[in-house]
Every structure is written in C-alpha cells, then in structure tokens.
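Spelled out from the first residue to the last, the chains are:
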Amino acid sequence: MNPDKMKTLTIVGGGAAGWMTAIYLNKVFNSQQPNFQINVIESPDIGIIGVGEATVHSIRYFFAAMGLDENELLRATHATLKTGIMFRNWMKPVAGQVHQYFHPFEQQQLGQELDMSSCWLLGARYRQERYDEGVSISAHLIKQGHGPKARQSAPYQAVVPYGYHLDAVLLARFLRDSAVAAGVAHIADTIVDVSVADGNISAVYSTTASYQADIFIDATGFKGLLIEALQQNNWQSFADALPCNKAVAIQRPHSDDYQPKPYTVATGLSNGWAWQIDLSSRQGTGYVYDGNRLTPEQAEQELRAWLGPEAAELQARHLEMKVGCRQQFWLGNCIAIGLAGGFIEPLESTGLHLINLGARLLSTHLSQGTVAQTVRDSYNTAMNGFYQDLKQFIVLHYCLTDRDDTDFWRQAQATAASCAGLPEKLQLWRHKICEYHDLAGGYATTFTDENYRYILYGMQHYPALQFQSGEGLQQPFTQLQHRVQQVLQRTVPHADYLQQLAQQS
Ligand SMILES: Cc1cc2nc3c(=O)[nH]c(=O)nc-3n(C[C@H](O)[C@H](O)[C@H](O)COP(=O)(O)OP(=O)(O)OC[C@H]3O[C@@H](n4cnc5c(N)ncnc54)[C@H](O)[C@@H]3O)c2cc1C
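As the structure is a computational prediction, the values presented were derived from the model and not from experiment. (Residues numbered from 1 in each chain as written. Predicted model: local features only at pLDDT ≥ 70, side-chain atom pairs only at ≥ 80, totals over all residues. Heavy atoms only, no water.)

A few words now on the pattern of salt bridges. Across all of its chains, the model carries 19 salt bridges by this definition. The closest approach of N and O atoms between E129 and R125, which form a salt bridge, is 2.8 Å. Taken as a pair, E129 and R125 share a single burial class, namely buried. Through salt bridges with shared partners, one network takes in R130, D132, E133 and K143. (Salt bridge = Lys/Arg side-chain N within 4 Å of Asp/Glu carboxyl O. Buried < 20%, exposed > 50% of the residue type's maximum accessible area, 1.4 Å probe, protein only.)

Mapping Q283 onto the fold places it in strand β17 (residues 282-289). For Q283 and W306, which are 23 residues apart along the polypeptide, the C-alpha to C-alpha distance reads 14 Å. A polar side-chain atom of Q283 sits 2.7 Å from a polar atom in the side chain of R252. There is a polar contact of 2.8 Å between the side chain of Q283 and the side chain of D278. (Helix = DSSP H or I, 4+ residues; strand = E, 2+ residues; numbered from the N terminus. Polar contact = N/O pair within 3.5 Å; in protein donor to acceptor, adjacent residues only side chain to side chain.)

Further remarks concern the nonpolar core. Within the largest apolar cluster, 128 residues are counted, with the highest numbers of intra-cluster contacts made by F63 and Y398. Looking at this core element by element, the count peaks at 12 residues for helix α11 (residues 373-399). Excluding residues within four positions of it along the chain, Y398 makes contact with W90, L242, C244, W273, E345, L347, F408, W409, A412 and T415. (Core = buried A, V, L, I, M, F, W, Y, C linked by side-chain atoms within 4.5 Å. Contact = heavy atoms within 4.5 Å.)

Now for empty space enclosed by the protein. Under the counting rule described, the total for this entry stands at two cavities of 30 Å³ or more. The wall of the second largest cavity is formed by G50, V51, E53, A249, I250, Q251, W275, G284 and T285. Elements with a contribution of two residues or more to the lining of the second largest cavity: β14 (246-253) and β17. If one sorts the elements of the lining of the second largest cavity by residue count, β14 sits on top with three residues. The residue makeup of the lining of the second largest cavity, split by class, is four nonpolar, four polar and one charged. (1 Å grid on protein atoms, 1.4 Å probe; cavity = no way out; pocket = protein on both sides within 12 Å on 5 of 7 lines; lining within 4 Å. Points joined across faces, edges and corners; volume = space filled by probe spheres on them. Nonpolar A, V, L, I, M, F, W, Y, C, P; charged D, E, K, R; others polar.)

In this section: the layout of surface pockets. Approximately 320 Å³ is the volume attributed to the second largest pocket. Around the second largest pocket, the lining comprises 18 residues; the ones closest to its centre are V94, H99, Q100, R130 and Q460. Looking at the lining of the second largest pocket, the elements that each hand over two or more residues are β5 (100-104), α5 (131-135) and α15 (449-458). A per-class count over the lining of the second largest pocket returns eight nonpolar, six polar and four charged.

Take the packing of aromatic side chains next. As enumerated under the stated definition, the model contains 28 aromatic pairs in all. Taken together, a centroid distance of 5.0 Å and an interplanar angle of 20 degrees make the contact between F87 and Y101 stacked. You can see F87 sitting in strand β4 (residues 84-88) and its partner Y101 sitting in strand β5, a full 14 residues away along the chain. Here F87 falls in the buried class, since its relative accessible area comes to 0%. Classification of Y101 as buried rests on a relative accessible area of 1%. Three or more aromatic residues joined by ring pairs make a cluster, and in this case those are F87, W90, Y101, Y398, F408 and W409. For the cation-ring pair, R125 lies above F477, with the distance from its terminal atom to the ring centre recorded as 3.9 Å. (Phe/Tyr/Trp six-rings, centres within 6.5 Å; stacked < 30°, edge-to-face > 60°. Lys NZ or Arg CZ within 6 Å of the ring centre and 35° of its normal.)

What follows covers the site of the ligand. Near the ligand you find 35 residues, and of these G14, I46, A54, K223 and L352 are the closest. Between the ligand and the protein, one listed contact pairs a nitrogen atom with a side-chain N or O atom of K223 at 2.6 Å. For the ligand, the accessible surface in isolation is 1000 Å², of which the surrounding protein chains cover 96%. Breaking the shell around the ligand down by element, the ones donating at least two residues are α1 (16-30) and α10 (351-365). Among the elements that line the shell around the ligand, the one with the most residues is α10, at three residues. (Near = heavy atom within 4 Å. Areas by Shrake-Rupley, 256 points an atom, 1.4 Å probe, with all protein chains shown as cover.)

Sheet architecture is open: three strands sit in the order β13-β19-β22, paired in antiparallel fashion. Sheet topology places β13 (235-237) and β22 (342-343) at the edges, where each strand pairs with a single neighbour. Relative to β22, strand β19 (residues 324-326) is paired through two bridges, and the arrangement is antiparallel. Counterpart to C325 in the pairing with β22 is G342. Sheet strands touched by α11: β13, β19 and β22. Its angle to β19, the strand with the most contacts, is close to 175 degrees. (Pairing = 2+ DSSP bridges. Axes fitted to C-alpha atoms, helices over the stretch in contact; angles between N-to-C directions.)

Here it is in structure tokens:
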C-alpha cells in the first residue's frame, strides 16, 4: 500500500487493553502488507491498574494466534496454569462443612443416550458427590495436584482446557515488547486534552505535542478520557445487579514448601468475596466488596483477618471499580476498549477476555474506507450483548445463595430481578435441565449452558426431573472414572510442570 494512503490508528493507554488491541490489530491488518500505522500513547506517569491476574481459557487462542511463545510468556509473567475456579462459602455450610464447588473450563463429557448432566440428576448423584466431580475430569486433576498438561503437550495444548494466572504488570510489559517488535510505535506521553469536531476526535494533546489519527482507541482505563470527551452520559451502571464496587488487594509471598494451585479460589466473605490467585512467585489476594456496606478500612481488616497473622505487615492497595459498560462503545472515530469500555466484577476473570472480544470484533468491523454508521451500530450491539450476557452469568453466582448472615447476602438473592428473563429461567430450571437453547439468542461466547450447569448445580439449584431412570445411568460415570485414571497417568503435577518451565530458561 502507498504509505500516503495508510490510515493512522492511535491507541491511548498502555495497559492490557492498549497492548492486546495493538498486537492483535497489527497482526490482522499489517502482517501481509501495512494498512494501518498503529501507535500506542502510554503515560509514563499514570500507572496501569495491574490487578487482572486470572484469565479464562480462550485467552490461550489469542496468545497463540499472536504467535507468542507460550513458555516465554509464562516465564516472563510468573504465570501458573488455571483449570477453573473453586467457589467457597457461597452458600450456608453443609453438615458443618464449608460449601464449595468447582467451575472448570472443561466441556462436559458425552453420555450415550442421555447427556451426562441428565444422568447425574436422574441418578440423584447430588446425594453422594459434587456435580463438578461427577461430570468433569478437571475436578479430579486438581485433587491430585495435577495441572492440565501432559508430559508431551505442545505449546497451548493440554488434556483439559486451561487459562492462566499471571502478573498483570509483567503481562502488559511482555505484550508491549512483543507489539513493538512487530512494528507498533510506542509513544511515552500523557494526554491532557482532547479536541472534538463533528462528533469525531480530531486530535489529542500532551503538554508538548499533538497527535492526529483516523481512528482513536480509548484504552485509558476507567476514566475513558477520549470516549467521555465525545459524549458524556454514555454509561450504563450495573450497580443494581452487581453491587460490589470496591476492592482491596494484598500480595503475599509463598512459603518455601508452597505449591501453587492450578485454580483460582473465590471465597464468600461478609459483604463480597475474596480471590486467591497463585503465581509462581507469589499469591495475589483481594476482597471485592460492596462499598455501600463496608468502609475500605473495614474491608482491609476483614481481608487481613481472613488471610491470617502473616498478612499483618503486608501492604494493601485499595481500588475503586466502575461496574457497567458504555451504551456506545464506538462513537465517531473512537472505540473504547478495556476498562474504558466497561467492567464486570472479576468473579469469572473476564477482563482480558472482554478486551479480546472487543479487539477481534473491531478487526472485522474496521476497514480502510469510511466507517458507515451501520458498522458502529453492529459493533455496539454486539459489545452490549457480551456485557449484558456476562452480567447475567455473574448474577447467577449470587442470586442462588441461601446465605442470610448479612444484609449483603440476603439482598443478593434478589439480584436475579435485575436481569431481564433470569427469574423465569431460574423457575424453568427447577423443572428441566439447563440447555443451550434456553440461552440461545443471547451473546454467550464463553459461558454457555455447560457453564451455567456448573453454577446452577454447584449452588444446588436442581430440577426435579419427573421420569423413570433406565439402567444406563451409571455407565457414563464409570467411563469417566476410567478416563480420569488414564488422564492422571498422562498429566504432570502442576508443581513439576512449573519447575521444569523455570529450568528451561
Ligand atoms: C479488582 C480488580 C480485579 C481484576 N481482576 C481481573 C482478573 O482476574 N482477570 C481479568 O481478566 N481482569 C481482571 N480485572 C480487569 C483488568 O484489570 C483489566 O481489564 C485490564 O487490566 C485492562 O485494563 P486497561 O488496560 O483497560 O486499563 P489500565 O490498566 O488502567 O491502563 C490504562 C492505561 O492508560 C494510560 N493512561 C491513562 N490516562 C492517560 C493519559 N491521560 N495519557 C496517556 N495515557 C494514559 C495509563 O498509563 C495506562 O497505561 C480486574 C480489575 C479489577 C479492578
């Protein structure tokens, strides 16, 4: 392409959103021949949020498609592998035991005549085991300390699906280095002003320079510096459905003999929940809470008490969370990605995933020519759908609780009403198994009926199936047990995998 005709695409913001978008668009648009000059303006003075430490499994495909070396990425970000999330204390204790269930990334194994979930329900197996243990291999792998990979697994491959736990600051740095090596221009500057003409951003300014571009991407984090300059009152809050709006984070070192877990732990506390995310070098912890019910000091105190005496001296970091999303992610020549576009609380670790979706969608909507309004409308409709869909899935985790020890948990039961159609679906799922077509028509890209079932049945929201069970009900579970034994032979303990990874450097 004639360089004079090349369009300029400038991303303001150098967090995960800025660099993931840069690396992706550069790969799509500039691999064969250059179509866009891509710049990232990153403030040397304003830090990144730096707390997005767990991912969903689809992020693997993103990293793989970008041609990133998996081992290098894992070492550079002190990463561990993640096969799912263990939820603890989201319901009242059962027989004196803390209630817990696991949500693996794994797709469900097939049954023969009936699907495995129906067999599990008809066989009333909830009397003897957790749903995740009944139908997934991953639940058994983590019990034995095994990660998802076999000895001979190729990069980005494993026996069961997996994502990562990684250091968010190191990830942004790794992505930046990879993007710059691939030809993206990095400009260290702080934008202090934005000029708008005819509904488009005409330029952004620092104290010493001005930057023009055909397309601007706002990746400035919660403040949404560019998109807000184009239109205020463009935000839809999800506070009615998801009241947790603050977090306090503490990083703690591993003890010498600690073995990092290949799963995230999300534990219900008094007014929200706490995360535990094991990196190879340390554990990230934090309390996501309802700031209308707890002060930051109370939240920090509760988190410290929960972590135990060794956390007493560790530094805490307090964060505000703006939960919701833009009505219009794409306005004029500006698209908001990452926290600038929206945020759903991090219970299912979806921040990076939403960036991935935003960048991919952008790549199919952007072109060299003039952008038609119908293209923006299409992008905005899809992105809104992704966020609404995810909001419903996160609400599902709360609204099924039977906890009544605090007002927070008592009110959580009512949050289903904030998602159109969810109360009716919950009623339906008392009578029948949750299936794909119950959710079809939505925008589910990550969390489908299989994921819904892990949460529904983990939270004991079972249907009362009204038909006689046949003989074959036991068979899929016997087969699964055989498969678990085979997989345990092939996979390696997570700790061994991490050790080998470190030795390869
Ligand atoms: C408590 C919490 C926990 C989370 N946990 C997870 C998780 O487990 N998994 C997950 O996937 N996601 C998680 N997230 C979300 C995740 O952190 C974000 O989606 C991700 O880091 C992307 O952030 P960002 O790049 O949009 O914004 P930021 O990281 O805030 O980056 C903003 C960038 O914009 C730049 N900038 C800002 N203003 C200017 C300016 N005026 N001029 C120039 N540059 C500017 C900054 O320098 C910075 O580079 C969590 C979020 C929170 C709040």
